[in-house]
Amino acid sequence: MERLDKLLASTGQWSRSQVKELVRQGRVRVDGIAAGKPEQKCDPAQTVAVDGVPVGLQKFVYVMMNKPAGWLSATEDKRQQTVLDLLDKPLQRRGLFPVGRLDKDTTGLLLLTDDGELAHRLLAPRSHVDKVYLARVDGRVNEEDAAAFRAGLVLDDGLECLPADLQPLEDGSRCLVTLREGKFHQVKRMLAFRGKPVLELKRLSMGPLGLDETLAPGQWRELSEREVEFLRTAVSERN
Ligand code: URA
């Protein structure tokens, strides 16, 4: 049993004070009966409706964003805009965080959620959740680079990278890089180590989840239940 105001506020659609007002105005019903007090106890299995519309008391929220260049993958920053600023107010109140970081100038698929457990599993290398990036480089990548990635690079600073996939595209000025880990600036550091510095980087997918290309940079949408299920399956297979 949980307080009604807490449950409703946890959906991110209303603040606690807005919930109080809704209850006062008689707009909240629990199993068809008008709620008397915001603090009344209620079971998440009960049907709660606001203005006659049942409220999905979802436990967690999952958002896919096409991250634009120039925004920080962080929850807050004193000086710079973060990806959280791109969400609407109710979602900002939910306390979502990015699942792994993309650099400020990197674009593409960014997942945001308040489900810490799933986020942790998605990022753990032992979950084998591949992340695929499209990189444009200064120079041309070739089969030798691909073989070096497959063997597992050891960078100048001693960083040992797990075996990774590199697929040159067209004339080699662009390539697909698939990693199952996510160390700081990893794609950029790996390609720079091969003498092909990254000029542009975009994440295309994370495990079974591909970037929805109908999302313009800066746009986002919630994941469908099916997509969340795919993610859960991807991490449960190895954990
Ligand atoms: N690797 C990078 O170098 N940068 C990113 O943003 C993501 C992966």
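Right above here is the structure, for reference.
My aim in this report is to walk through the structure given alongside it, one point at a time. Every chain is numbered independently, its residues counted from 1 as its sequence is written. Residue-level local features of this predicted model are given only where pLDDT is at least 70; pairs of side-chain atoms are given and counted only at 80 or more, and the full residue set underlies all totals for whole chains, interfaces and linings. Hydrogens and waters are ignored; side-chain quantities use all the structure's heavy atoms.

Structural notes on the side chain of Asp 115
Working step 1: You can see Asp 115 is positioned in the loop between strand S9 (107-113) and helix H4 (116-123).
Working step 2: Think of it in three bands: with a 1.4 Å probe and only protein chains considered, a residue is buried below 20% of the maximum accessible area for its type, exposed above 50%, and partly exposed in between. Looking at Asp 115, the relative accessible area reads 3%, which means it is buried.
Working step 3: By the criterion applied in these results, polar contacts are pairs of N or O atoms within 3.5 Å in which, for protein atoms, one can donate a hydrogen and the other can accept it, and in which residues neighboring in sequence qualify only through two side-chain atoms. Within the structure, Asp 115 has its side chain in polar contact with the backbone nitrogen of Leu 118 (distance 3.1 Å).
Working step 4: Those residues in contact with Asp 115 that sit more than four places away from it in its chain are Phe 60, Tyr 62, Phe 97 and Arg 232. Under the scheme used here, helices are H or I runs from DSSP no shorter than 4 residues and strands are E runs no shorter than 2 residues, and both carry numbers assigned from the N terminus. A contact between two residues is defined here by any heavy atoms of the two lying within 4.5 Å.

Describing the site of the ligand
Working step 1: Residue proximity to a molecule or strand is established when one non-hydrogen atom of the residue lies within 4 Å of it. Residues in contact with the ligand, as listed here, are Leu 102, Asp 103, Thr 106, Tyr 133, His 185, Gln 186, Val 187, Lys 188 and Leu 201.
Working step 2: In this structure, an oxygen atom belonging to the ligand sits 3.4 Å away from a main-chain N or O atom of Gln 186.
Working step 3: In the model, a nitrogen atom of the ligand is placed 3.1 Å from a nitrogen or oxygen of the Val 187 main chain.
Working step 4: Within the complex, the protein chains bury 95% of what would otherwise be the 240 Å² of accessible surface of the ligand. Accessible surface area values rest on a Shrake-Rupley calculation with a 1.4 Å probe, where residue burial reflects the displayed protein chains alone.

A word on unusual backbone geometry
Working step 1: Even without being a glycine, His 128 presents a positive backbone phi close to 55 degrees.
Working step 2: Topologically, His 128 is positioned in the loop between H4 and strand S10 (131-137).
Working step 3: According to the relative accessible area criterion, His 128 is partly exposed, its value standing at 30%.
Working step 4: With a phi close to 50 degrees, His 185 is a non-glycine residue in the positive phi region.
Working step 5: Position of His 185 relative to the elements: it lies in the loop between strand S12 (174-179) and helix H6 (186-193).
Working step 6: Overall, His 185 belongs to the partly exposed group, its relative accessible area being 30%.

As for the nonpolar core
Working step 1: Residue types Ala, Val, Leu, Ile, Met, Phe, Trp, Tyr and Cys, when buried and joined through side-chain atoms within 4.5 Å, form a set referred to as a nonpolar core. The biggest cluster of nonpolar side chains holds 34 residues, and the ones touching the most others in it are Phe 149 and Leu 191.
Working step 2: Listing elements by their share of this core, those giving two or more residues are strand S7 (62-67), S9, S10, helix H5 (143-151), S12, H6 and strand S13 (198-206).
Working step 3: What counts as a domain boundary in this text is fixed by an automatic or database domain assignment. There are two domains that each give this core at least three residues, and those are domain 2 (62-125 + 208-236) and domain 3 (130-206).
Working step 4: Of all hydrophobic cores here, the second largest spans 17 residues; its members include Tyr 62, Leu 118, Leu 211 and Leu 215.

Describing the packing of H4 against helix H7 (residues 225-236)
Working step 1: Where helices are involved, their axes are fitted lines through C-alpha atoms of the stretch in contact, as for all axes, and angles between N-to-C directions lie from 0 to 180°. The geometry of H4 relative to H7 is characterised by a closest axis approach of 9 Å and an angle of 55 degrees between their N-to-C directions. Relative to H7, the element H4 lies oblique. Relative to H7, the crossing made by H4 is left-handed. Residues Leu 118, Arg 121 and Leu 122 of H4 touch H7, and the partners they reach there are Leu 231, Arg 232, Val 235 and Ser 236.
Working step 2: Gly counts as polar in this scheme, as do all residues outside two lists: the nonpolar Ala, Val, Leu, Ile, Met, Phe, Trp, Tyr, Cys and Pro, and the charged Asp, Glu, Lys and Arg. Taken together, the residues that form the contact of H4 with H7 break down as 4 nonpolar, 1 polar and 2 charged. Roughly parallel means an angle under 35 degrees; roughly antiparallel, over 145; roughly perpendicular, 65 to 115; everything else is oblique. By convention the crossing between two helices is left-handed if the near helix lies anticlockwise of the far one by an angle smaller than a right angle, and right-handed if it lies clockwise.

Things to note about the pattern of salt bridges
Opposite charge on two side chains permits them to pair, given that their charged atoms come into close proximity.
Working step 1: The term salt bridge refers to a pairing of a side-chain nitrogen on Lys or Arg with a carboxyl oxygen on Asp or Glu at a separation within 4 Å. Evaluated as defined, the whole model comprises 19 salt bridges.
Working step 2: The salt bridge partner of Lys 196 is Asp 145, with a shortest N-O separation of 2.6 Å. With a gap of 51 residues between them, Lys 196 in the loop between H6 and S13 and Asp 145 in helix H5 connect regions that are remote in the sequence. Assigned by exposure class, Lys 196 and Asp 145 land together as buried.
Working step 3: Arg 174 serves as the salt-bridge partner of Glu 170, at 2.9 Å between the closest nitrogen and oxygen.
Working step 4: Note on Glu 170: relative accessible area 61%, which makes it exposed.
Working step 5: Each of Arg 3, Asp 5 and Arg 16 takes part in a single network of salt bridges with overlapping partners.

Note that all results are geometric; they support no functional claim without further evidence.
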